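Listed below, chain by chain, are the residues.
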Amino acid sequence: MSKNLKVVTVTLNPALDLTGSLEALQTGSVNLIETGSLHPAGKGINVAKVLAELGAKVTVTGFLGTNNQASFVELFESLKINDQFIRVQGDTRINVKIVEKSGQVSDLNFPGVIVGESELAEFERTLFKLSKTHDVFVIAGSLPQGVTPEHCAGWIETLNKAGKKVFFDSSNKALAAGVNAHPYLVKPNDEELSALLNLPLKNTDEIKNAAQQLQQQGCHNVVISMGENGVLWLNQAGWLKSTPPKMEVVSTVGAGDTLVAGLCWSELNQWDKSQSLSFATALSALAVSQVGVGVEDIDQVEALQKNIKITQE
Ligand SMILES: Nc1ncnc2c1ncn2[C@@H]1O[C@H](COP(=O)(O)OP(=O)(O)O)[C@@H](O)[C@H]1O
Ligand SMILES: O=P(O)(O)OC[C@H]1O[C@](O)(COP(=O)(O)O)[C@@H](O)[C@@H]1O
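Residues numbered from 1 in each chain as written. Chains lettered and ligands numbered in written order. Predicted model: local features only at pLDDT ≥ 70, side-chain atom pairs only at ≥ 80, totals over all residues. Heavy atoms only, no water.

Just so we agree on the cut-off: UniProt positions are given in the numbering used here, feature names are shortened, and annotations may be inferred rather than shown by experiment.
Looking at an unreviewed UniProt entry, one finds the protein named Phosphofructokinase and attributed to Psychromonas ingrahamii. Within the UniProt record for the protein, the comment given under Function (unreviewed entry) is "Catalyzes the ATP-dependent phosphorylation of fructose-l-phosphate to fructose-l,6-bisphosphate." In its Sequence similarities (unreviewed entry) section, the UniProt entry covering the protein states "Belongs to the carbohydrate kinase PfkB family."

Shown next, in the form of C-alpha cells:
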C-alpha cells in the first residue's frame, strides 16, 4: 500500500520559532507583545509534523544544536517521528516572527549552528543509509554555515540516481544549485522565484514563464505558491491553478511548509494532480488560521477542499 512509503525530511537549519502577535509593529520603538509562543520549527520539521499528523511514517534528519534540543526531541517522541538528526555543539537558532493584526508578518531569521566537517560526513552517512530504506525525501530550508549549495545539489543528484523522489524547498543560492540537480518537485514562492531568476514577476503570465524555465532546467514538478492567490503547478501534464477562499489570517508562517507536506502526502497516496492540489491548498489555507503548523481537524481540511477552485491554465 502506497501509504507505507517512508519519508525522510531534511532540515539543515532548524529553528525555534518565537512568535509574537501585536496590533501593529512600530520599528525603532518599544513594542508590547500581546500573545507569544516558542515552538520547534524549521522547514523540514514543519513538513514532518504535518505528515506525521496525517498518518505518514516519517524520519527526520539534519543538524540540531545540543544546548536547546529538548522541545524538538519531545515533538519527535510525541508524534513517533524517527529522530536521525546529527547533533552539533551549540544552540539551534531562534527565529522571531512578529505577526500584526493586519496579517503582515516580519521574519527575523538568525544564522544557526556551525557545521563542521566530521558532522557533515556523519550526516552524509546517515542520509545514504536512509536512502536504502526510504522512498521520498523532502529537503527544505536554508543552509547553516558549513553546508554549501553544492553539497545540497550533490545530495539531490545522489538521491535521484538511487531512484528516490526529492521534494525541494529552499531559497537563494541553495535554490539555484538545487534546481540544477533536477529535483522531482520544487516549491518556491513567487518572491523566491523572482529572486532566483532576477526578474520582477508582476502577473500570472510572468510567473508562468518563469516556472517554465525551471521545468526546462529539469524539475519534473514546478509548484509556485502565491500566498492568498493560491498555487500554480506545472508538470508534463500541463498547468493547474488553485485558488483558496478568503481566510481569517492568524499567522502565515508555516503555510508553505504545510503546502509541501500536503503535496508529499498526496504523492504517498498516489492521488491525481487535481485532488493533490486541492488537498494541499486546503491544508495550507487552514494553516494560516493558526500559529505554527499542524492538522487540528482533518474534517475541516476536507470541507475546505470543496471550496478550493481548481482551473486549467
Ligand atoms: N492569506 C492566505 N489565505 C489563504 N491561503 C493562504 C494564505 N497565505 C498562504 N496561503 C496558502 O498557503 C500556501 C503557501 O503560502 P505562501 O505564503 O505562498 O508560501 P511561503 O510560506 O513558502 O511563503 C499558498 O499557496 C496558499 O495555498
Ligand atoms: O530555513 P529558512 O529558509 O531559514 O526558514 C526557516 C523558517 O521558515 C519556517 O519553516 C516557515 O516557513 P514557511 O512560512 O515558508 O512555511 C519557519 O518555521 C522557520 O523559522
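### Remarks on the site of ligand 1
Cut-off, in case you're wondering: Nearness is defined per residue: one heavy atom within 4 Å of the molecule or strand is enough. Identification of polar contacts relies on pairs of N or O atoms within 3.5 Å, with a donor-acceptor requirement for protein atoms, meaning one able to donate a hydrogen and the other able to accept it, and with residues adjacent in sequence counted only if both atoms are side-chain atoms. Only the protein chains shown count as cover for residues, with accessible areas throughout obtained via the Shrake-Rupley method and a probe of 1.4 Å. Counting from the N terminus, the helices are DSSP H or I runs at least four residues long and the strands are E runs at least two residues long. Each residue receives one of three labels: charged for Asp, Glu, Lys and Arg, nonpolar for Ala, Val, Leu, Ile, Met, Phe, Trp, Tyr, Cys and Pro, and polar for the others, Gly being one of them.
What surrounds ligand 1 is a group of 17 residues, the closest being Asn-189, Ser-225, Gly-227, Gly-230 and Ser-284. One of the backbone nitrogen or oxygen atoms of Gly-256 is found 3.1 Å away from an oxygen atom of ligand 1. Between ligand 1 and Ser-284 there is a distance of 2.9 Å, counted from an oxygen atom to a side-chain nitrogen or oxygen. About the coverage of ligand 1: the protein hides 86% of its 550 Å² of free accessible area. With three residues, helix 9 (residues 273-287) is the single largest residue contributor to the shell around ligand 1. Classifying every residue of the shell around ligand 1 by side-chain character gives eight nonpolar, seven polar and two charged.

### Some details on helix 4 (residues 149-161)
Just so we agree on the cut-off: Given the number of residues in a helix, its expected span is that number minus one, multiplied by 1.5 Å. Throughout this description, buried means an accessible area under 20% of the type-specific maximum (1.4 Å probe, protein chains only), exposed means over 50%, and partly exposed covers the range between. Note that the arc is defined by the directions from the helix axis to the C-beta atoms. Throughout, a residue-residue contact means that at least one pair of heavy atoms, one from each residue, lies within 4.5 Å.
With 13 residues, helix 4 should cover 18 Å at 1.5 Å per step; its first-to-last C-alpha distance of 19 Å lies within 8% of that length. Looking at helix 4, one finds that the buried residues are Pro-149, Cys-152, Ala-153, Trp-155, Ile-156 and Leu-159. Buried residues of helix 4, viewed axially, fall in a sector of 155 degrees; they line one side. More than 90 degrees from the buried face of helix 4, the exposed residues found are Glu-150 and Lys-161. Among the structural elements, helix 3 (117-133), strand 9 (136-140), strand 10 (165-169) and helix 5 (172-179) are those in contact with the buried residues of helix 4.

### Some remarks on the side chain of Glu-100
This is how it is decided: Neither His nor the chain ends is counted toward charge; the positive residues are Lys and Arg and the negative residues Asp and Glu. Put simply, a salt bridge is a Lys or Arg side-chain nitrogen that is within 4 Å of an Asp or Glu carboxyl oxygen.
On the secondary structure map, Glu-100 appears in strand 7 (residues 93-100). One buried charged residue, Glu-100, remains without a salt bridge, the closest side chain of opposite sign being Lys-101 at 11 Å. One polar contact links the side chain of Glu-100 to the main-chain amide nitrogen of Leu-25, over a distance of 3.1 Å. Ignoring anything within four residues of it in the chain, the contact list for Glu-100 reads Leu-22, Glu-23, Ala-24, Leu-25 and Ser-106.

### Overview of the pattern of salt bridges
This model, assessed by the stated rule, comprises six salt bridges. A salt bridge links Glu-53 to Lys-49; its shortest N-O distance comes to 3.8 Å. Of this pair, Glu-53 and Lys-49 both sit in helix 1 (residues 43-54), four residues apart, which is roughly one turn of the helix. Residue Asp-107 pairs with Lys-97 through a salt bridge whose shortest N-O separation is 2.8 Å. Of this pair, Asp-107 sits in strand 8 (residues 105-108) while Lys-97 sits in strand 7; the two residues are 10 residues apart in sequence, bridging distant segments of the chain. Take Asp-107: its relative accessible area is 42%, and that puts it in the partly exposed class.

### Points about the packing of aromatic side chains
Our working rule: Aromatic pairs are defined between Phe, Tyr and Trp rings, using the six-membered ring for Trp, whenever the two ring centres lie within 6.5 Å; interplanar angles under 30 degrees are classed as stacked, those over 60 as edge-to-face, and all others as tilted. Any Lys NZ or Arg CZ that is within 6 Å of a ring centre and within 35 degrees of that ring's normal is treated as a charge sitting over the ring.
Following the criterion strictly, the structure yields five aromatic pairs and no others. When the centroid spacing of 4.8 Å and the interplanar angle of 65 degrees are considered together, the rings of Phe-123 and Trp-155 count as edge-to-face. Here Trp-155 lies in helix 4 and Phe-123 lies in helix 3, a separation of 32 residues in the sequence. Residue Phe-123 shares its accessibility class with Trp-155, and that shared class is buried. Every member of this aromatic cluster is reached through a ring pair, and the members are Phe-63, Phe-123 and Trp-155. Lys-273 extends its terminal NZ or CZ atom over the ring of Trp-233, reaching a point 5.4 Å from the ring centre.

### Comments concerning the side chain of Asp-17
Relative to the assigned elements, Asp-17 resides in strand 2 (residues 15-22). Buried and without a salt bridge, Asp-17 has Lys-97 as its closest oppositely charged side chain, separated by 4.5 Å. Residues within four places of Asp-17 in sequence aside, it is in contact with Ser-37, Leu-38, His-39, Ala-41, Asn-95, Lys-97 and Val-253.

### Thoughts on the site of ligand 2
Note the cut-off: A cavity here means a set of points on a 1 Å grid, drawn over the protein atoms and nothing else, where a 1.4 Å probe fits but cannot get out; a pocket is an open set with protein on both sides within 12 Å along at least five of seven lines, and a residue lines either one if it has an atom within 4 Å of a point. Each molecule is assigned to a cavity or pocket provided more than half of its atoms lie within 2 Å of the corresponding grid points.
The environment of ligand 2 is made up of 18 residues, and the closest members are Asp-17, Asn-95, Ser-142, Gly-254 and Asp-257. Between Ser-142 and ligand 2, the recorded distance is 2.7 Å, taken from a side-chain N or O atom to an oxygen atom. Here Gly-254 contributes a backbone N or O atom positioned 2.8 Å from an oxygen atom of ligand 2. When isolated, ligand 2 has an accessible area of 490 Å², and the protein chains bury 87% of it. According to the grid-proximity analysis, the pocket containing ligand 2 is the largest pocket. Mapped onto the shell around ligand 2, the elements with two or more residues apiece are strand 2, helix 1, strand 7 and helix 8 (255-269).

### Considering the packing of helix 3 against helix 4
The angle between the axes and the distance between the axes are what describe a pair of packed helices. Rule in force here: In this analysis, axes come from line fits to C-alpha atoms, helices being fitted only over the stretch in contact, and the angle between any two N-to-C directions falls in the range 0 to 180 degrees. Just so you know how the angles are binned, under 35 degrees is roughly parallel, over 145 roughly antiparallel, 65 to 115 roughly perpendicular, and the rest oblique. If you view the pair so one helix is near and one far, a crossing is left-handed when the near helix is turned anticlockwise from the far one by less than a right angle, and right-handed when it is turned clockwise.
The interhelical angle for the contact between helix 3 and helix 4, taken along N-to-C directions, is 20 degrees, at an axis separation of 11 Å. Between helix 3 and helix 4, the angle falls in the class roughly parallel. Considering how the two elements wind past one another, helix 3 and helix 4 form a crossing that is right-handed. Contact residues: helix 3 offers Leu-120, Phe-123, Glu-124, Leu-127, Phe-128 and Ser-131, while helix 4 offers His-151, Trp-155, Thr-158 and Leu-159. Here the contact of helix 3 with helix 4 is built from residues that sort into six nonpolar, three polar and one charged.

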